[in-house]
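# Breakdown of the fold
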Amino acid sequence: MDSVFKNPQKSIKSTGPKILWITPLRALAKDIRQALQHFTDGLNLDWRIELRTGDTSVTQRKQQLSNAPECLVTTPESLHILFSLKDHEQFFKNTESIIVDEWHELLGTKRGVQTELAIAHIAAVSNKELKVWGISATIGNLNEALQVLIPWKKDEEKVVVRANTVKKTEIETILPDSIERFPWSGHLGLNLLPKILPIIQRSNTTLLFTNTRSQTEMWYKEILNKMPELAGVMAMHHGSIDHHIRIWVEDALAAGKLKLVVCTSSLDLGVDFSPVDTIVQIGGPKGISRFLQRAGRSGHRPGVTSRIYFVPTHSLELIEGSALKTAEKLGIHEDRQPIIGPLDVLVQYLVTLAAGSGFDPGKTRNELMSTNAYKDLQNNEWQWALDFITSGGKSLSNYTEYSKVHF
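In what follows, the accompanying structure is described.

Each value, and the rule that gives it
- Residues numbered from 1 in each chain as written.
- Predicted model: local features only at pLDDT ≥ 70, side-chain atom pairs only at ≥ 80, totals over all residues.
- Heavy atoms only, no water.
- Pairing = 2+ DSSP bridges.
- Helix = DSSP H or I, 4+ residues; strand = E, 2+ residues; numbered from the N terminus.
- Axes fitted to C-alpha atoms, helices over the stretch in contact; angles between N-to-C directions.
- Core = buried A, V, L, I, M, F, W, Y, C linked by side-chain atoms within 4.5 Å.
- Buried < 20%, exposed > 50% of the residue type's maximum accessible area, 1.4 Å probe, protein only.
- Contact = heavy atoms within 4.5 Å.
- Phe/Tyr/Trp six-rings, centres within 6.5 Å; stacked < 30°, edge-to-face > 60°.
- Polar contact = N/O pair within 3.5 Å; in protein donor to acceptor, adjacent residues only side chain to side chain.
- Expected span 1.5 Å × (residues − 1).
- Arc of directions from axis to C-beta.
- Parallel < 35°, antiparallel > 145°, perpendicular 65-115°, else oblique.
- Left-handed = near helix turned anticlockwise from the far one by under 90°.
- Nonpolar A, V, L, I, M, F, W, Y, C, P; charged D, E, K, R; others polar.

## Considering the sheet that holds strand β9 (residues 234-237)
- Reading across from one edge, β7-β12-β11-β8-β10-β9 is the order of the 6 strands in this open sheet, with parallel pairing throughout. For this open sheet the edge positions go to β7 (169-173) and β9, each flanked by a neighbour on one side alone. Pairwise comparison of adjacent strand axes, ignoring direction, gives a mean angle of 20° for this sheet.
- Bridge count between β7 and strand β12 (residues 306-311): 5 bridges; the pairing is parallel. When the bridges of β12 are listed, glutamate 170 appears paired with arginine 307.

Now the structure itself:
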C-alpha cells in the first residue's frame, strides 16, 4: 500500500539507535537523558544520549537521522512520527532494546496502545532480537502489565524484577478549622491557603501540585499575593508554558534555586529533583498511584522519607485523604486495565505508515495481532480501517478529496 503524500524527507541512510527509552513526559525524558549520559561517561563508553520530543529542534531531528545517537530518549508520539519517514525501517534495523519508563502511566491509555504498536513494529523491522523492559514503582497488576508489554514472548522468557526496599512516605491532611462550614464541592482549596504558607516557609523546596492548568495559575497568583518575597524563587510549570521556560524551571529546581514550584502532572513522574523536601497536593489526585508518584518527588534518594501534605478542596475529599493514607500503609496500588482494539488509534497508525514507506496489509495485520490491543482484530474491523483510510468509508464517501491512501 502506497501513500499519495509526497514525503519531502530524503531516505534515511544511517542506522539508528541501539536503545530506545520511551517516557510519558518531556521533563522526565530530559532527566533520563542527563542520568544516562552521566552513567555512560562514567563507564568510559563513547555513547551519545539524545532527546527526541516535541521540544527537539528541527535541526537536531535532521542530524539524528544522518548521525543517530546510540540511545534515543523519546515519547510515544515522537516515536510514531519517525514511522512517517521514508525508509524508517533503516533507522530501526539495529535497535536492540526498548525501555518503557513509568509503564503504569501509559498502560490503560491510548498512548499505551501507541507504545504497543511501536514495540511490535520495531520488533518486526529490527535485525536484532529485541529486548523490552517496562519500569514502574506503582502498579497493581504487574503480571498483566508484563503480558501487555510483550505478549509475543514465551512465558519462560518473561521476568518480573522487584526491589526489596520499601519507600517510606509521610502523609498529612490539612484540615479546615470548621468541618461544618467546609464546602461540599466546586472549590479550589484556596480557603486553606493560610495553612499552606507556613509549610512553604519552613521547607527548603516545595512542589505544589494541582489537577488543572487554570488551578495552577490561580494558586500561583494567590501565593505570590500573600508572599511577595517569593518573587524570583517561585515558578510555575505546566504543559502550555513555553518549553524554554519549562526547561529553566526544571534546571533551577535541580540546582536548588527555587523555593516553590506550582505545577500540574507535568512534574509528577520519576523526575529527580534532590533539593525538593516537601510536596503539597491540592485536591484529590485521581488515583493512589498518582498521589504516591507525586509524594516520591520529595526525598528522592534511597533511605530518605518522602513527605506530602494533602489539601482537600471540599468535604468529600476528606474521605479521600483517609483512603490515601490507608492505601499507602497497606501498599495498595490500582490495577491499570489495558485498552483493547481502539479503531481511532489503528487508523492513525495506518496513515502514519502509509505516509512513510507504505505498508503491506498482510504483514501489517500480523504485526497488529502480535500486540495485546489488537490480538483479536476481526476481519470486519480490519476491512473498515482500510476502507476508511482509502475512501473515507460510508460516512465520508461523498468527499472525494478525503482519499489519503491508495493501493
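## A look at the nonpolar core
- Core analysis: the largest hydrophobic core is formed by 49 residues, its most contacted members being Leu79, Phe92 and Tyr374.
- The element contributing the most residues to this core is helix α13 (residues 343-355), with 7 residues.
- In this structure, Phe273, Ile279, Ala295 and Phe310 belong to the second largest nonpolar core, which totals 23 residues.

## Description of the environment of threonine 264
- Assignment of secondary structure puts threonine 264 in the loop between β10 (260-263) and β11 (278-282).
- A C-alpha to C-alpha distance of 9.0 Å links threonine 264 and methionine 236, two positions 28 residues apart in sequence.
- Excluding residues that lie within four positions of it along the chain, threonine 264 makes contacts with Phe209, Thr210, Thr212, Arg213, Thr216, His237, His238 and Arg294.

## What to know about the packing of aromatic side chains
- Enumeration over the complete set of coordinates arrives at 4 aromatic pairs.
- For the ring pair phenylalanine 291 and phenylalanine 310, a centre distance of 6.2 Å and an interplane angle of 85° mean the geometry is edge-to-face. With phenylalanine 291 in helix α11 (residues 288-295) and phenylalanine 310 in strand β12, this pair connects stretches of sequence that are 19 residues apart.
- When its relative accessible area of 0% is taken as the criterion, phenylalanine 291 is described as buried.
- Feature note: the residues Phe83, Phe91 and Phe92 constitute an aromatic cluster, connected by ring pairs.

## Describing the side chain of glutamine 64
- The residue glutamine 64 is located in helix α2 (residues 58-66) in this model.
- With relative accessibility at 2%, the residue glutamine 64 sits in the buried group.
- A polar atom in the side chain of glutamine 64 sits 3.1 Å from the side chain of glutamate 50.
- Not counting the four nearest positions on each side in its chain, glutamine 64 is found in contact with Glu50, Leu51, Arg52, Thr56, Pro69, Leu72 and Phe91.

## Comments concerning helix α9 (residues 213-226)
- The terminal C-alpha atoms of α9 lie 20 Å apart, and with 14 residues this matches the ideal 20 Å at 1.5 Å per residue to within 8%.
- Those residues of α9 that sit buried are Gln215, Thr216, Trp219 and Ile223. What you see down the axis of α9 is that its buried residues fit within an arc of 100°, all on one side. Away from the buried face of α9 by more than 90 degrees, exposed residues Lys221 and Asn225 are located.
- The inward-facing, buried residues of α9 contact α8 (193-202), β8 (206-209), β9, β10 and β11.

## Looking at α13
- When the terminal C-alpha atoms of α13 are compared, their 18 Å separation across 13 residues agrees well with the 18 Å that a helix rising 1.5 Å per residue should span.
- Along α13, the positions that sit buried rather than exposed are Val345, Leu346, Val347, Tyr349, Leu350, Thr352, Leu353, Ala354 and Ala355.

## Side note on the pairing of strand β5 (residues 97-100)
- By the alternation rule, side chains of β5 split into Ser97 and Ile99 and Ile98 and Val100, which are all buried.
- Where strand β2 (residues 19-22) meets β5, 4 bridges bridge the pair, whose relative direction is parallel. Counterpart to isoleucine 19 in the pairing with β5 is serine 97.
- Bridge count between β5 and strand β6 (residues 131-134): 4 bridges; the pairing is parallel. Along β6, the bridge assignment pairs isoleucine 99 with tryptophan 133.

## Considerations on the packing of helix α1 (residues 26-42) against helix α10 (residues 243-254)
- At a closest axis distance of 11 Å, the pairing of α1 and α10 adopts a crossing angle of 50°. When the axes of α1 and α10 are compared, the pair comes out oblique. For α1 against α10, the interelement crossing comes out right-handed. Counted together, Arg26, Ala27, Lys30 and Gln34 of α1 and Arg246, Ile247, Glu250 and Asp251 of α10 form the full contact between these two elements.
- Considered class by class, the residues forming the contact of α1 with α10 number 2 nonpolar, 1 polar and 5 charged.

## What about the environment of alanine 29?
- In this fold, alanine 29 is placed in helix α1.
- When the C-alpha atoms of alanine 29 and glutamate 50 are compared, they prove to be 9.5 Å apart, with 21 residues separating the residues in sequence.
- With residues near it in sequence (within four places) discarded, alanine 29 still touches Thr23, Leu51, Thr53 and Val73.

## A look at unusual backbone geometry
- Phi at aspartate 87 takes a positive value of approximately 55°, unusual for a residue other than glycine.
- Assignment of secondary structure puts aspartate 87 in the loop between α3 (76-83) and α4 (88-92).
- With a relative accessible area of 30%, aspartate 87 lands in the partly exposed category.
- One non-glycine residue, lysine 286, lies in the positive phi region at around 65°.

Keep in mind that these numbers describe shape and distance, not what the molecule does.
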